[in-house]
Amino acid sequence: MLRGITNFFDRMVQRFLPDAFLFAIILTLVVFGLGIFFTGSSPGQMVQFWGDGFWNLLAFAMQMSLIVVTGYILANTPLVKAALSKISTLAKTPGQAILLVTFVAGVACVINYGFGLVAGALLAVHVARRVPNVDYRLLMASAYSGFILWHGGFSGSIPLTIATEDHFLADSIGSIAITDTLFSGMNIFIIVTLLLSLPLLNLWLLKSSGDLSKNNLDFLENEDKAEQQMAATTADLTPAERMENSKIISYLIGALGLAFIVYHFIRNGFDLNINIVNFIFLFLGILFHQTPRRFLNSVNDGVKNAGGIIIQFPFYAGIMGMMVASGLSEQMSNWFVSISTEFTFPVLAFISAGIVNFFVPSGGGQWAVQAPIMIPAAMDLGVSTAKTAMAVAWGDAWTNMIQPFWALPLLAIAGLKVKDIMGFCVIILFWSFIPISIALLFFN
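Everything quoted here is computed from the prediction, not taken from an experiment. (Residues numbered from 1 in each chain as written. Predicted model: local features only at pLDDT ≥ 70, side-chain atom pairs only at ≥ 80, totals over all residues. Heavy atoms only, no water.)

**Q** Any chance you could break down the overall build of the chain for me, citing the residues and the numbers?
**A** Helix and strand content of the chain: 23 helices and zero strands. Its C-alpha atoms give the chain a radius of gyration of 23 Å, within 12% of the compact-globule value 22 Å for 444 residues. Each principal axis of the C-alpha distribution contributes one length, and for the chain these read about 75 × 50 × 45 Å. When burial is assessed residue by residue, the chain has 55% of its 444 residues classed as buried. Summarising the internal contacts of the chain: among those between residues at least 6 apart in sequence, 80% fall at separations of at least 24. Carbon and sulfur atoms make up 67% of the accessible area of the chain, which amounts to about 18800 Å² in all. Distance from the positive charge centre (21 side chains) to the negative charge centre (24 side chains) of the chain: 13 Å. (Helix = DSSP H or I, 4+ residues; strand = E, 2+ residues; numbered from the N terminus. Rg over C-alpha atoms; globule rule 2.2 N^0.38 Å. Buried < 20%, exposed > 50% of the residue type's maximum accessible area, 1.4 Å probe, protein only. Contact = heavy atoms within 4.5 Å. Areas by Shrake-Rupley, 256 points an atom, 1.4 Å probe, with all protein chains shown as cover. Lys, Arg positive; Asp, Glu negative; His and termini not counted. Charge placed at Lys NZ, Arg CZ, Asp CG, Glu CD.)

Encoded structure:
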């Protein structure tokens with residue numbers, strides 16, 4: 001039965017799900033039509049909303065591009081390669097490979113979503129080298145499955161936003177401490193349940209896959225250009241080339257970067273945001289590659305992986321622009337509120353957030369859209385505002401399993417297409433709905 005269900009979704013995804021870029025185009029056209037039909041916006045207005053929003057994610061696109069590039073740079077340093085290879089030795093069979101990658105990726109995403117995406121993918125690559133007979137597509141889907149935990153973790157944008165004193169709803173709900181959100185019994189139940197069950201679920205999926213004909217691990221065997229560069233003798237180098245191969249320069253700028261990292265954590269505590277993660281990856285990469293030339297060779301290889309992010313994120317920004325400016329996202333949220341009771345409201349808020357996330361794949365952006373609707377409704381129904389915020393947060397994380405937007409960095413590192421993992425991710429989506437819904441219904 002499991003083999004049949006998994007193979008069905010895999011066949012459907014392989015046959016009908018287009019490339020991630022075409023998926024963004026189709027989603028753009030769908031939202032364009034829905035905006036005209038449901039909100040009364042004219043075609044001209046929808047075009048304006050789309051164009052006005054098109055460049056609103058440039059900073060975020062740069063952050064995610066750097067996550068891929070700097071993660072690749074760091075992963076290709078001799079020290080990190082050795083560490084990942086050491087961890088990968090824990091997996092000696094395909095089943096152990098799936099369990100290891102899923103659990104490590106989940107824990108890493110609880111710590112920080114950017115770190116978790118890259119760490120999970122990089123570990124999966126090393127495990128694939130160690131256990132070449134594992135289903136590589138499922139292995140990467142297992143790495144991505146950990147991402148469902150991110151919004152209940154330490155980098156969750158919604159709980160961190162409402163914990164600040166000056167957030168945009170502070171006048172109505174004040175600041176809500178993370179003890180009431182991230183460290184609530186409800187959230188801990190979801191985190192622990194998913195951390196323990198997702199590895200077992202993916203192991204179960206392994207029994208229904210077994211088709212290794214689509215494994216293509218040739219791309220894992222890249223030439224080490226940096227080592228080739230270092231093969232040149234010192235006598236053959238020009239003064240400029242001597243500077244490019246100088247360890248002193250790398251150590252000086254690397255020390256400067258490390259000094260700022262220490263200062264950041266002394267000043268801000270455990271604030272592991274996306275910028276500091278990129279900063280850490282970048283300067284550790286400079287230090288561990290030892291010379292500018294080795295570092296730059298790795299940069300040149302890593303940049304090739306960021307193309308999908310660079311070209312697709314503006315289209316998702318345009319989709320967000322249409323959803324918000326036309327009022328379509330507001331209509332979706334209001335409909336779920338209208339059919340809610342005090343008991344069902346958290347789950348329906350979660351489902352509505354999952355749907356809105358498909359079109360507004362940004363935790364902070366989605367909260368800005370839904371919070372002005374969900375929070376007043378929660379207060380009217382007598383539902384905890386902290387619980388409501390976490391319901392929206394988990395909805396945002398939930399449908400990331402079938403939204404290519406967040407999978408792009410991982411897929412770039414993996415050398416796969418979105419349809420290669422989505423058949424498995426659909427099963428993960430269905431399973432994760434159960435513990436999240438139970439927590440939202442029965443925990444205070």
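From this point, things continue past the structure.
**Q** Give a description of the nonpolar core that names residues and reports values.
**A** One finds Leu139, Tyr144 and Trp394 to be the most contacted residues of the largest nonpolar core, which totals 132 residues. Counting residues per element, this core draws most heavily on helix H23 (residues 418–442), at 12 residues. Setting aside residues up to four positions removed in sequence, Tyr144 forms contacts with Leu117, Asn400, Met401, Gln403, Trp406, Ala407, Leu410, Ile421 and Cys425. (Core = buried A, V, L, I, M, F, W, Y, C linked by side-chain atoms within 4.5 Å.)

**Q** Now, about the side chain of Gln312: what can you tell me, with residues and values included?
**A** Tracing the chain through its elements places Gln312 in helix H17 (residues 307–326). Among all residues touching Gln312, those that are not within four sequence positions of it are Ala20, Phe21 and Leu408.

**Q** Break down the environment of Trp204 for me, citing the residues and quoting the values.
**A** If you trace the backbone, Trp204 turns up in helix H11 (residues 185–208). For Trp204, a relative accessible area of 47% corresponds to the partly exposed category. Placed 109 residues apart in sequence, Trp204 and Gly95 show a C-alpha to C-alpha distance of 9.0 Å.

**Q** Can you break down the packing of aromatic side chains residue by residue, with the values?
**A** Under the criterion given, the structure shown has 23 aromatic pairs. A ring pair is formed by Phe279 and Phe283, whose centres lie 4.5 Å apart and whose planes are at 35 degrees; its orientation type is tilted. Pair noted here: Phe279 and Phe283 are both in helix H15 (residues 274–289), with a separation of four residues, about one helical turn. Considering the side-chain rings of Trp335 and Phe336, the 5.1 Å spacing of their centres and the 85 degrees angle between planes classify their relative orientation as edge-to-face. Aromatic rings pair up to connect Phe21, Trp50, Phe54, Trp55 and Phe315 into one cluster. (Phe/Tyr/Trp six-rings, centres within 6.5 Å; stacked < 30°, edge-to-face > 60°.)

**Q** An account of helix H2 (residues 20–39) is needed here, citing residue identities and associated values.
**A** Over its 20 residues, H2 extends 27 Å from the first C-alpha to the last, a length consistent with the 28 Å expected when each residue adds 1.5 Å. Gly40 occupies a position one or two residues after H2 and carries a positive phi of about 80 degrees. (Expected span 1.5 Å × (residues − 1).)

**Q** Report on a nonpolar patch on the surface, specifying residues and quantitative values.
**A** Where nonpolar side chains cluster on the molecular surface, the patch consists of Phe154, Phe183, Ile188, Val192, Leu196 and Phe270 and spans about 600 Å² of accessible area. Mapped onto the secondary structure, Val192 falls in helix H11. Val192 sits in the partly exposed class, given a relative accessible area of 42%. (Patch = residues over 30% accessible without salt bridge, like charges linked within 9 Å, V, L, I, M, F, W, Y side chains within 5 Å. Salt bridge = Lys/Arg side-chain N within 4 Å of Asp/Glu carboxyl O.)

**Q** Could you give an account of unusual backbone geometry, with specific residues and numbers?
**A** A positive phi angle, close to 75 degrees, is found at Gln290, a residue other than glycine. Note that Gln290 resides in the loop between H15 and helix H16 (292–303). Among the residues examined, Gln290 registers a relative accessible area of 25% and is labelled partly exposed.

**Q** Kindly report on the environment of Ile158, identifying the contributing residues and their values.
**A** You can see Ile158 is positioned in helix H9 (residues 157–162). Taking the C-alpha atoms as reference, Ile158 lies 22 Å from Glu342; in sequence the two are 184 residues apart.

**Q** Can you break down the pattern of salt bridges residue by residue, with the values?
**A** Applying the stated criterion across every chain yields a total of one salt bridge. A salt bridge links Arg293 to Glu244; its shortest N-O distance comes to 3.4 Å. Of this pair, Arg293 sits in helix H16 while Glu244 is found in helix H13 (residues 239–244), placing the two residues 49 residues apart along the sequence.

**Q** Residue-level account of the packing of helix H4 (residues 58–75) against helix H22 (residues 404–414), with values.
**A** One way to put it is that H4 packs onto H22 with a least axis distance of 9 Å and a crossing angle of 25 degrees. In terms of axis orientation, H4 runs roughly parallel to H22. As for how H4 packs across H22, the hand of that crossing is right-handed. Residues Phe60, Met64 and Val68 of H4 pack against Phe405, Trp406, Pro409, Ala412 and Ile413 of H22. Of the residues in the contact of H4 with H22, the class split is eight nonpolar, no polar and no charged. (Axes fitted to C-alpha atoms, helices over the stretch in contact; angles between N-to-C directions. Parallel < 35°, antiparallel > 145°, perpendicular 65-115°, else oblique. Left-handed = near helix turned anticlockwise from the far one by under 90°. Nonpolar A, V, L, I, M, F, W, Y, C, P; charged D, E, K, R; others polar.)

**Q** Can you explain the state of the cysteines? Please cite residues and give values.
**A** Across all of its chains, the model carries zero disulfides by this definition. Cysteine Cys109 remains unbridged, with the sulfur of Cys425 as its closest cysteine sulfur at 12 Å. The class of Cys109 is buried, set by a relative accessible area of 0%. For Cys425, a relative accessible area of 0% gives the class buried. (Disulfide = S-S within 2.5 Å.)

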